[in-house]
Amino acid sequence: MRKALYAGALLWWQAAGAGAQYSAYLPPEGTLLLTPSYTFQTHGNFWAGTTKVANPTVEQHSGLLVLDYGLTESWAADVAFGYTTSSTSTPAGALTRDGLADTRFGLRYRVFDAEDSWLSFLPTVTLRAGGIVEGTYDTSSSVVFPHLPGKGASGGEIGLLLGKRWEESSFGIYADVGYRVRSERVPDELLASVGMYREFFDALALSVGWRYSGGMSGVDFGAPGFTPNHLVEVKEEAHRIELTLSHADKGGRLYQIYFSHTLAGRNTGEKAMIGAAVTLPLKL
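Some remarks on unusual backbone geometry
Next up, step 1: Positive phi is not limited to glycine here, since Ser170 has a value of about 55 degrees.
Next up, step 2: The topology assignment puts Ser170 in the loop between β7 (155-166) and β8 (171-182).
Next up, step 3: The backbone phi angle of Asn267 is positive, close to 55 degrees, even though this residue is not glycine.
Next up, step 4: Position of Asn267 among the secondary structure elements: in the loop between β12 (254-266) and β13 (272-283).
Next up, step 5: Among the residues examined, Asn267 registers a relative accessible area of 4% and is labelled buried.

The following block contains the structure:
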């Protein structure tokens, strides 16, 4: 169970902190992984189009609860929900927008399990399809706000998830690619990530990865003709580096500290993100 937590729940926490990407590994049948998490992110610099500019500091706090349940050996169901608040200073004073975060839910189907096949040199392959229910935070255009808590739109997403681990070396890799569509004039998004992790002393694991999200269309922030009404229509792109340190105790609980930083982007903030989570496996 400890190995499964490192490979699966570890990536779940990266999901909760950086864009809802999911793991190719499923919880055992009849097991619920319960993961509450807290994330703090902040940025001052902002890419307006591809030009970096200085903005008032924006801070965002998010609390999430992720539930991941093994339905069978090949199927799992997931849901993630929580609360978020984003604030900054304006000439008129402090401005805060908060509310329920976007809720995400989905099903994962493991197409190929490399650990239960003679083709063990191949990665485990899982497909995921899910939906998004918009949160209750304000995205109105009455005030130009340099960072919204989210896109404020419902939609759906699909993804292909890969994972490979080598027990003898305590080393693993992961990758995924996905596509997201949403309503309310929000551009479709392409999602991708790749990374690796290493276990130490049978009690700690460190992962490092790169994550990308990019709008497939849209306008640039501040371009000629841009108005607050276009705020959710911008073509947003982000390249992020992420690190996670985790520890699993003998009871199967997983404790995690997470860090992420935006290296390059378009119409997005140069965000630094830090958070913590604990995963509790429950046999139902």
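Considering the pattern of salt bridges
Next up, step 1: Counted under the stated rule, the structure contains 18 salt bridges.
Next up, step 2: Of the charged contacts in the structure, one is a salt bridge between Asp138 and Arg97, with a shortest N-O distance of 3.9 Å. Of the two residues, Asp138 sits in the loop between β6 (124-133) and β7 while Arg97 sits in strand β4 (residues 93-100), which places them 41 residues apart along the sequence.
Next up, step 3: What makes Arg97 buried here is its relative accessible area of 4%.
Next up, step 4: Notably, a salt bridge pairs Glu157 with Arg180, separated by 2.8 Å at the nearest N-O pair. Of the two residues, Glu157 is situated in strand β7 and Arg180 in strand β8; the sequence distance between them amounts to 23 residues.
Next up, step 5: One salt-bridge network, in which partners are shared between bridges, spans Asp68, Asp78, Arg104, Arg108, Arg128, Glu157, Arg180, Arg182 and Glu189.

Considering the packing of aromatic side chains
Next up, step 1: What the rule picks out here adds up to five aromatic pairs.
Next up, step 2: Relative to Phe221, the ring of Phe46 has its centre 5.2 Å away and its plane inclined at 65 degrees; by these criteria the two rings are edge-to-face. You can see Phe46 sitting in strand β1 (residues 31-48) and its partner Phe221 sitting in the loop between β10 (204-215) and β11 (237-248), a full 175 residues away along the chain.
Next up, step 3: A ring pair is formed by Trp166 and Phe171, whose centres lie 5.8 Å apart and whose planes are at 25 degrees; its orientation type is stacked.
Next up, step 4: For Phe171, a relative accessible area of 26% translates into the label partly exposed.
Next up, step 5: One cation-aromatic arrangement involves Arg165 over Tyr25; the distance from NZ or CZ to the ring centre is 4.5 Å.
Next up, step 6: Over the aromatic face of Phe200 sits the side chain of Arg198, whose NZ or CZ is 5.2 Å from the ring centroid.

A closer look at the environment of Arg128
Next up, step 1: Note that Arg128 resides in strand β6.
Next up, step 2: Along the primary structure Arg128 and Leu160 are separated by 32 residues, whereas in three dimensions their C-alpha atoms are 6.6 Å apart.
Next up, step 3: With residues near it in sequence (within four places) discarded, Arg128 still touches Tyr22, Asp78, Phe105, Gly106, Leu107, Arg108, Glu157, Ile158, Gly159 and Leu161.
Next up, step 4: For Arg128, the side chain forms a polar contact with the side chain of Asp78, separated by 2.8 Å.

Section: the nonpolar core
Next up, step 1: Counting five residues, the largest nonpolar core is built from Leu148, Ala153, Val186, Leu231 and Val232.
Next up, step 2: Among all residues touching Ala153, those that are not within four sequence positions of it are Ile132, Glu134, Arg182, Ser183, Glu184 and Val186.

Some thoughts on the side chain of Thr84
Next up, step 1: Within the secondary structure layout, Thr84 lies in strand β3 (residues 75-90).
Next up, step 2: Given the relative accessible area of 2%, Thr84 is considered buried.
Next up, step 3: Reaching out from Thr84, the side chain makes a polar contact with the backbone oxygen of His61 at a distance of 3.4 Å.
Next up, step 4: Not counting residues within four places of it along the chain, the set of residues in contact with Thr84 comprises Gln60, His61, Ser62, Arg97, Asp98, Gly99, Ala101, Tyr137 and Pro149.

Observations regarding the pairing of β10
Next up, step 1: Bridge count for strand β9 (residues 189-200) against β10 is twelve bridges, and the pairing is antiparallel. Opposite Met196, over in β10, you have Val208 as the bridge partner.
Next up, step 2: Count of turn residues in the β9/β10 antiparallel hairpin: three residues, of which Phe201 carries a positive phi of about 55 degrees.
Next up, step 3: Pairing of β10 with β11 involves eleven bridges; the strand directions are antiparallel. Looking at β11, one finds that Val208 is bridged to Leu243.

Basis of the calculations
Residues numbered from 1 in each chain as written. Predicted model: local features only at pLDDT ≥ 70, side-chain atom pairs only at ≥ 80, totals over all residues. Heavy atoms only, no water. Helix = DSSP H or I, 4+ residues; strand = E, 2+ residues; numbered from the N terminus. Buried < 20%, exposed > 50% of the residue type's maximum accessible area, 1.4 Å probe, protein only. Salt bridge = Lys/Arg side-chain N within 4 Å of Asp/Glu carboxyl O. Phe/Tyr/Trp six-rings, centres within 6.5 Å; stacked < 30°, edge-to-face > 60°. Lys NZ or Arg CZ within 6 Å of the ring centre and 35° of its normal. Contact = heavy atoms within 4.5 Å. Polar contact = N/O pair within 3.5 Å; in protein donor to acceptor, adjacent residues only side chain to side chain. Core = buried A, V, L, I, M, F, W, Y, C linked by side-chain atoms within 4.5 Å. Pairing = 2+ DSSP bridges.

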